[in-house]
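Residue strings, one per chain:
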Amino acid sequence: MSDLRVWVDGARVDPAGPAVSAVDHGVTVGDGAFETAKIEDGTPFAMTRHLARLDRTMAGLGLPAPDHDRIREGVRAVLEGEPIDFGRLRWTVTGGHGPLGSDRHDSALTYIVTASAQDRPGSHGAVVTVPWVRNERAATAGLKTTSYADNVVALARAREHGAIEAVLANTRGELCEATGSNVFVVVDGVVRTPPLDGGCLAGISRELVLEWCAADGLEVREEAMPLSVLERADEVFLTSSVKDVMPVSSVDGRPLPWPGPRTAAVRAVWDRHAAVSVDP
Ligand SMILES: Cc1ncc(COP(=O)(O)O)c(C=O)c1O
């Protein structure tokens, strides 16, 4: 990742060098929030919505409201220079210096912003289900915290199977989400996605699909479904900030059309609306 650009608490820093305290609560216990936005032609997509979700995560963690001007300063710092044609912008805000355990000091927050070019996502991908669950009753359910180790383990399992994503159920056995994507299925000709109270992240791309499809008269239902719906769905697709709307070509080895007709229709809605504004 030679093109990685990093800014920490007011200055660009060497991506390989030390820049955050060893006792930062984000490092010791994962006490922090983050956002990942897509960069296209040097510009972040849906920045306002990502900042709003960061606020929700910080509030859910009981951390102070983050300083948006500070984050925007970091974003400007990592995006200046050679424009990134396509890539990933990430900002992380942690609880700052903390004790070694789970208590908190009343510390200044730590702000980290990174940007990096990356290849555009492929046209489709395989997914597998994994045996671990999302806890929809966890204190951090639906929050984008830096405690992502569950996702690291699940995604590693997916990679072992040649898949791009791992799909998890919640504790009730309902389809929930993937490690870094929301999941949509088509059953009986209708596009459906799990509701937020099932424990999935309120994905920005998910939210835009729901809003834009509603505006264009394409029905998308938020509905609890058993994980086993993946065994009979006619189409499956993922949404995420870097993937946008991505058809799934197989689930646990069962081939699926990519894209199926409904997925193609959602993708067309996406492309039309996304072209209107970089900050919808
Ligand atoms: C657990 C999880 N679910 C869903 C998503 C998709 O959210 P978004 O569309 O905001 O990228 C992400 C994003 O990384 C995620 O980490």
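Just so it is clear, the structure is predicted and the values come from calculations on it, not from any experiment.

(A) Up close: the site of the ligand. By nearness alone, 17 residues border the ligand, and Tyr148, Glu177, Ile204, Ser205 and Ser241 come closest of all. The contact in question runs from an oxygen atom of the ligand to an N or O atom on the backbone of isoleucine 204, over 2.7 Å. Within the contact set of the ligand, an oxygen atom lies 2.6 Å away from a side-chain nitrogen or oxygen of serine 205. Contact with the protein chains hides 94% of the accessible area of the ligand, taken as 380 Å² for the molecule alone. If you list the elements that add at least two residues to the shell around the ligand, you get strand S9 (175-178), helix H5 (204-215) and strand S13 (235-240).

(B) Representation of the pattern of salt bridges. Under the criterion given, the structure shown has 22 salt bridges. The network of salt bridges with shared partners includes Lys38, Glu40, Asp85, Arg120, Asp244, Arg267 and Asp271.

(C) Local environment of helix H3 (residues 68-79). Look at H3: 16 Å from first C-alpha to last across 12 residues, which is about the 16 Å you get at 1.5 Å a residue. For H3, the complete set of buried residues consists of Ile71, Gly74, Val75, Ala77, Val78 and Leu79. Where H3 ends, the next residue or the one after it, glycine 81, has phi of about 95°, a positive value.

What counts, and where the lines are drawn
- Residues numbered from 1 in each chain as written.
- Predicted model: local features only at pLDDT ≥ 70, side-chain atom pairs only at ≥ 80, totals over all residues.
- Heavy atoms only, no water.
- Near = heavy atom within 4 Å.
- Polar contact = N/O pair within 3.5 Å; in protein donor to acceptor, adjacent residues only side chain to side chain.
- Areas by Shrake-Rupley, 256 points an atom, 1.4 Å probe, with all protein chains shown as cover.
- Helix = DSSP H or I, 4+ residues; strand = E, 2+ residues; numbered from the N terminus.
- Salt bridge = Lys/Arg side-chain N within 4 Å of Asp/Glu carboxyl O.
- Expected span 1.5 Å × (residues − 1).
- Buried < 20%, exposed > 50% of the residue type's maximum accessible area, 1.4 Å probe, protein only.

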